Amino acid sequence: MKIIEIVQKHQPITGNDIADRLGCTKPTIRADLSLLTRSGILDAKPNVGYILNHKPADNPHDFSLFRAKVKDVKSPAVYVEEECSIHDAIVKIFLKDAGTIFVVDADGYLSGVVSRKDFLKSIMGNMNIHNVPVGVIMTRMPNIIHTHDEETVLQAAMKIMEHKIDSMPVVEEVGNNLYKITGRISKTTISKVFVEIGKNSGEWGVGSEE
Ligand code: ADP
């Protein structure tokens, strides 16, 4: 960015002088200067001018949560066995306040996923939800998008976006294509992390007031 280069060469430098060197007026660059100052890249010294902030530790922005691991933010998984009826799975979704429910086979390994719309489809298709097991309507392995403890939150969020899904099981691989479920990561988890990053950054004064 040009402003940073100018400050680097001529610091301390006033806003007016930066504007002069850019061939524009100060109001034109006011928003940029404010952003660069708030993000800790520039320091505004009263009556002196702008200087480059060389101390990253002073940078109020904390994006370290992007590097947090899935294991640090996952929530408990909600799952049923394949034989569970659609009705009972829906009841469990309400009781556990989940959106998506995971399905395990008789040995406890991940075998499927059922989303809210999967349930709605089964009801609109007049299925007998008391008799039909979730195994009939679930999306099956090996097509389940999953994550694991050591992946970063950002990698998990990218998978959720890329595959346009609401939720993923966190798994531990215990054999060839055999997975035990150890938790879940959902869009809600990602939203919570996003809010934490915003608060930690002190952006809009939220962090500093708490
Ligand atoms: P909804 O359909 O309620 O909006 P999703 O977008 O998560 O919820 O689900 C869309 C479709 O993708 C559904 O058919 C569901 O079975 C499937 N699905 C949901 N989560 C996963 C996942 N982790 N891996 C593979 N398929 C999934």
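Refer to the preceding data block for the structure.
Just so it is clear, the model here is predicted, and its values are computed rather than measured.

Caption draft 1: How the structure looks around the sheet that holds strand β3 (residues 79-81). Taken in spatial order, the four strands make up an open sheet running β3-β4-β5-β6, and their pairing is mixed. Two strands lie at the open edges of the sheet, namely β3 and β6 (139-140), each paired on one side alone. Alignment of strand β4 (residues 101-104) against strand β5 (residues 110-114), held across four bridges, turns out to be antiparallel. Residue Phe102 lies in a different strand from β5, and its bridge partner there is Val113. Its contacts with the sheet place helix α6 (residues 116-124) against β4, β5 and β6, and it is angled at close to 70 degrees to β5.

Caption draft 2: A look at the site of the ligand. Near the ligand, the surroundings consist of 15 residues, among which Lys117, Asp118, Thr139, Ile145 and Asp166 are the closest. Within the backbone of Arg116, a nitrogen or oxygen atom sits 3.4 Å from an oxygen atom of the ligand. The side chain of Asp118 places a nitrogen or oxygen atom 2.5 Å from an oxygen atom of the ligand. If the ligand stood free it would expose 550 Å²; the protein chains cover 82% of that surface. Sorting the residues of the shell around the ligand by element identifies α6 and β7 (167-175) as the ones contributing at least two each.

Caption draft 3: Just the nonpolar core, in detail. Core analysis: the biggest nonpolar cluster contains 17 residues, and Val80, Ile86, Ala89, Ile101, Val114, Phe119 and Val134 have the highest contact counts within it. Breaking this core down by element, the ones donating at least two residues are α5 (86-96) and β4. Element by element, the count of residues in this core is highest for α5, at four residues. Residues within four places of Val134 in sequence aside, it is in contact with Val80, Glu81, Glu82, Cys84, Ser85, Ile86, Ala89, Val103, Val114 and Phe119.

Caption draft 4: Local environment of the packing of helix α2 (residues 15-22) against helix α3 (residues 26-38). Across the interface, α2 lies against α3 with an axial gap of 9 Å and an inter-helix angle of 110 degrees. Judged by the inter-axis angle, α2 sits roughly perpendicular to α3. Relative to α3, α2 is oriented so that their crossing is right-handed. On α3, the residues that touch Gly15, Asn16, Ile18, Ala19 and Leu22 of α2 are Lys26, Ile29 and Leu33. Its residues assigned to classes, the contact of α2 with α3 comprises five nonpolar, two polar and one charged.

Caption draft 5: Local environment of the packing of helix α1 (residues 2-10) against α2. It is at 10 Å that the axes of α1 and α2 come closest, and there the two elements cross at 115 degrees. The way α1 lies across α2 gives a crossing that is right-handed. In this structure, α1 contributes Lys2, Ile3, Ile6, Val7 and His10 to the contact, and α2 contributes Ile18, Arg21 and Leu22. Of the residues belonging to the contact of α1 with α2, the class tally is five nonpolar, one polar and two charged.

What counts, and where the lines are drawn
- Residues numbered from 1 in each chain as written.
- Predicted model: local features only at pLDDT ≥ 70, side-chain atom pairs only at ≥ 80, totals over all residues.
- Heavy atoms only, no water.
- Pairing = 2+ DSSP bridges.
- Helix = DSSP H or I, 4+ residues; strand = E, 2+ residues; numbered from the N terminus.
- Contact = heavy atoms within 4.5 Å.
- Axes fitted to C-alpha atoms, helices over the stretch in contact; angles between N-to-C directions.
- Near = heavy atom within 4 Å.
- Polar contact = N/O pair within 3.5 Å; in protein donor to acceptor, adjacent residues only side chain to side chain.
- Areas by Shrake-Rupley, 256 points an atom, 1.4 Å probe, with all protein chains shown as cover.
- Core = buried A, V, L, I, M, F, W, Y, C linked by side-chain atoms within 4.5 Å.
- Buried < 20%, exposed > 50% of the residue type's maximum accessible area, 1.4 Å probe, protein only.
- Parallel < 35°, antiparallel > 145°, perpendicular 65-115°, else oblique.
- Left-handed = near helix turned anticlockwise from the far one by under 90°.
- Nonpolar A, V, L, I, M, F, W, Y, C, P; charged D, E, K, R; others polar.

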